[in-house]
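Listed below, chain by chain, are the residues.
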Amino acid sequence: MKKFKFRFSRRAFAYPYMIFLLLFVVVPLVIILINAFLDDANKFTFQNFAEFFSDAGGGLTVLGNSLIIGLVTTLICLVIGYPCAYFLAKYHASNRVLVLLFILPMWVNFLIRTLSTKAIFMALDVQLGMGTVLFGMVYNYLPYMILPLHTTLVSIDHSYIEAAEDLGADKMTVFLKTVLPLSLPGIVSGITMTFIPAISTFAISEILSSSKIFLFGDAINMHFSKTTNSFGVGSVMSLVMLVLVVVANVIVNLTSKDEEVTSVL
Amino acid sequence: MKKRNLAARICAEGYLGLVLALLYLPIFLIIVFSFSGTSRFSFTNGFTFDSYKTLFDPEQNAGLLDALKNTAILAVSASVISTVLGAFSTIGIYALGRKTKKLVLTVNQLPMINSEVVMAVSLMVFFAAFSTIFPQGMTRLIISHVAFCTPYVVLSILPRLQRMDPNMYEAALDLGANPFAAMIKVVFPYIMPGIVSGFAMAFTLSLDDFIITQFNKGDTGIETLSTYIYEDARVKSLEPFWFAVFSIFFVVMFTLLLLMNIKRTQKEVKK
């Protein structure tokens, strides 16, 4: 009896938060879902989906562009970030301060960093456009790529590498057949941590291209602003974004069984 | 062979140095030229503290001070609320049945994995739909910040709770403590490190947030530091005033974070 009571009382601590999550996380998303099927007069319609997927307002084109920019950003981050994480794990595994230096920019407000880069580009007379946007994106998301990569690379059991070496593998083979596959969870989680924010961010592209380049995040932002007020299409776009997020996370969960890697900050 | 290793090592160090230099170059340039008194990245006026003097000009700093005040109120209340909420609910979640636990943890992950824009928009639409219950202004901001901070608190406490020996709690009960006392005297001290790091995470996340605040601040004129920077510095070009503000920010943030981490490393070494 006593046991039952104690279990009951401990569970009760979760109930307020469960209600909170339901109210402020689940219900808002449900409202977005409902909104996607409503027209201006609050009547049921598929018009919003039709408008978005027929690219009438250019939403689909923006999504395509964002996917490309996001992909390129992620690729550059991976190419620059992987060697960083690898060398850090190889030579400086115990040097936490150095690792920290690579992650630190993450904690400086991204607007401050982006506006600083813009000021420098302006001073150097660099034409604001695709190049500067990509630079800003890579500059902003590189730490998010390095962190999960470093976490997995550091946790690789060194005896695997020694075993491979003992069995006669040369350095390249050791890397390709042992280190790289073992760091796959880190790669996947690094890609999601870069790709998802990169396609949906707003402000970075706006600032670094003087509003010439328009990304999916900017588009969602625009649809929900007071002047345009096209909540329906905006909701459809939010749903598309949500689907992308869910797909990305399913992939992460499939590649990594280690929960710590997926939930790394 | 040894020579080749050395060469590889030098290349690696050079590469790391290069990336670090790139990461810090913009920050470094802003700090250096905050002493030029101009925003043109040149020392035509010589070395001067003019940019920093503008910080004390009440006409220029009124908006910034107001934004700082709002940011502080928001970050403190959001992180305190989400830490308390997170700490109690983690204990509750831990005691839940397997299926419910999995469901709650999945929903808990949503704000973390979801794109910030979608989260911001959904909260905005939600608040608009129930605007009589949630008036515009700080209330909405605090609720939305708690909503995206608490999941991180929960996930930083949960691993510690999972490592805790359940017998400790039982022992306290056997020794005559009621469940509440056992919680305060046994469970909480054990999960304290998780609570502290959860709080720190919630605080920095709230401090740093832009997108969710931007969508949910409404038109009451509340600006936090991020939204104020966005409204002011984006529209006008970056004035010397902002050079000074950014420089102070960089230096304060870096010193704090480095100190915090060096201290933590020392503690771990001692252990």
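Bear in mind the structure is a predicted one, so any value in this text is a computation, not a measurement.

Let us look at the overall build of chain A. Within chain A, the regular secondary structure consists of 14 helices and 0 strands. N-terminal to C-terminal, the α/β element order of chain A is α-α-α-α-α-α-α-α-α-α-α-α-α-α. Pairs at least 24 residues apart make up 69% of the contacts formed inside chain A by residues separated by at least 6 positions. Of the roughly 12,500 Å² that chain A leaves accessible, carbon and sulfur atoms contribute 68%.

Looking now at the interface of chain A and chain B. Quite often, the size of an interface is put as the accessible area lost when its parts meet. With 75 residues of chain A at the interface, the matching set in chain B holds 89 residues. A buried area of about 7,400 Å², summed over both sides, lies between chain A and chain B, and 77% of it is on carbon and sulfur atoms. The interface formed by chain A and chain B includes 0 salt bridges. Linking chain A with chain B are 11 residue pairs in polar contact (both at pLDDT 80 or more), by the criterion used here. Residue contributions to the side of chain A that touches chain B peak at 15 residues, all from helix H2 (residues 15-36) of chain A. Of the residues in the side of chain A that touches chain B, the class split is 54 nonpolar, 12 polar and 9 charged.

With that settled, the discussion passes to the confidence of the model for chain A. For chain A, the average pLDDT comes to 85, and 91% of its residues sit at 70 or higher. Note on residues 1-7 of chain A: pLDDT is under 50 here. Beyond four places in sequence and across chains, it has 6 contacts.

Let us now look at the nonpolar core. Core analysis: the biggest nonpolar cluster contains 160 residues, and Phe102 of chain A together with Trp242 and Phe246 of chain B have the highest contact counts within it. Top element by residues in this core is helix H6 (residues 138-163) of chain B. It accounts for 13 residues. The two domains that each donate at least three residues to this core are domain 1 (70-236) and domain 2 (238-271) of chain B. Discounting chain neighbours no more than four positions away, the residues touching Trp242 of chain B are Leu64, Tyr228, Ile229, Asp232 and Ala233 of chain B.

Now for the pattern of salt bridges. Residue and element names in this part refer to chain B. Enumeration over the complete set of coordinates arrives at 5 salt bridges over all chains. The partner of Lys69 in a salt bridge is Asp66, and the shortest N-O contact between them spans 3.8 Å. Of this pair, Lys69 and Asp66 both sit in helix H3 (residues 58-95), 3 residues apart, roughly one helical turn. Judged by relative accessible area, Asp66 falls into the partly exposed class, the value being 37%. Among the ionic pairs, Glu223 bridges to Lys217, the shortest N-O distance being 3.2 Å. Of the two residues, Glu223 and Lys217, both sit in the buried class. By sharing partners, the salt bridges in this structure join Lys217, Glu223 and Glu231 into a single network.

All names here are of chain B. Domain parsing of chain B yields domain 1 (70-236) and domain 2 (238-271). The C-alpha-based centres of domain 1 and domain 2 are spaced at 24 Å. Contact residues are listed per partner, giving 6 residues for domain 1 and 5 residues for domain 2. Both faces combined, the contact of domain 1 with domain 2 buries some 570 Å², and carbon together with sulfur accounts for 78% of it. Remark: the boundary between domain 1 and domain 2 carries 0 salt bridges. Viewed at the interface, domain 2 and domain 1 are joined by 1 residue pair in polar contact (both at pLDDT 80 or more).

Moving on, we come to the packing of helix H6 (residues 110-123) of chain A against helix H7 (residues 130-155) of chain A. For any two helices packed against each other, one specifies the inter-axial angle together with the distance between the axes. Residue and element names in this part refer to chain A. Viewed as axis vectors pointing N to C, H6 and H7 meet at an angle of 145°, and their least axial separation amounts to 10 Å. Both H6 and H7 take part in a crossing whose hand is right-handed. Here Phe110, Arg113, Thr117 and Phe121 of H6 come into contact with H7, specifically with Thr132, Phe135, Tyr139 and Asn140. Of the residues that constitute the contact of H6 with H7, the class distribution is 4 nonpolar, 3 polar and 1 charged.

Residue and element names in this part refer to chain B. Those residues of helix H7 (residues 166-174) not exposed but buried are Tyr169, Ala172 and Leu173. Each buried residue of H7 sits inside an arc of 100° when the element is viewed along its axis, so together they form one side. Away from its buried face by more than 90 degrees, H7 exposes Asn167 and Asp174. The distance from a side-chain oxygen at the start of H7 to the backbone nitrogen of Asn167 is 3.0 Å, and the residue carrying that oxygen is Asp165. Positive phi shows up at Gly176, right after H7, with a value of about 100°.

Moving on: the packing of aromatic side chains. All told, the structure shown has 39 aromatic pairs over all chains when counted by the stated rule. Between Phe126 of chain B and Phe130 of chain B, the aromatic rings sit 5.1 Å apart at their centres with planes inclined by 55°, giving tilted as the arrangement. For Phe126 of chain B, a relative accessible area of 1% gives the class buried. Taken together, Tyr17, Phe20 and Phe24 of chain A together with Phe126, Phe127, Phe130 and Phe134 of chain B form an aromatic cluster joined through their ring pairs.

This part takes up the environment of Gly232 of chain A. Residues and elements named next belong to chain A. Mapping Gly232 onto the fold places it in helix H13 (residues 231-255). Assessed through its relative accessible area of 12%, Gly232 is described here as buried. Along the sequence, Gly232 and Leu33 sit 199 residues apart, while their C-alpha atoms lie 9.4 Å from each other. In contact with Gly232, other than residues within four places in its own chain, are Asn35, Ala36, Leu38 and Asn48.

Thresholds, definitions, all that
Residues numbered from 1 in each chain as written. Chains lettered and ligands numbered in written order. Predicted model: local features only at pLDDT ≥ 70, side-chain atom pairs only at ≥ 80, totals over all residues. Heavy atoms only, no water. Helix = DSSP H or I, 4+ residues; strand = E, 2+ residues; numbered from the N terminus. Contact = heavy atoms within 4.5 Å. Areas by Shrake-Rupley, 256 points an atom, 1.4 Å probe, with all protein chains shown as cover. Buried area = accessible area lost by both parts, 1.4 Å probe. Salt bridge = Lys/Arg side-chain N within 4 Å of Asp/Glu carboxyl O. Polar contact = N/O pair within 3.5 Å; in protein donor to acceptor, adjacent residues only side chain to side chain. Nonpolar A, V, L, I, M, F, W, Y, C, P; charged D, E, K, R; others polar. pLDDT = per-residue confidence, 0-100. Core = buried A, V, L, I, M, F, W, Y, C linked by side-chain atoms within 4.5 Å. Buried < 20%, exposed > 50% of the residue type's maximum accessible area, 1.4 Å probe, protein only. Domains from an automatic or database assignment. Axes fitted to C-alpha atoms, helices over the stretch in contact; angles between N-to-C directions. Left-handed = near helix turned anticlockwise from the far one by under 90°. Arc of directions from axis to C-beta. Phe/Tyr/Trp six-rings, centres within 6.5 Å; stacked < 30°, edge-to-face > 60°.

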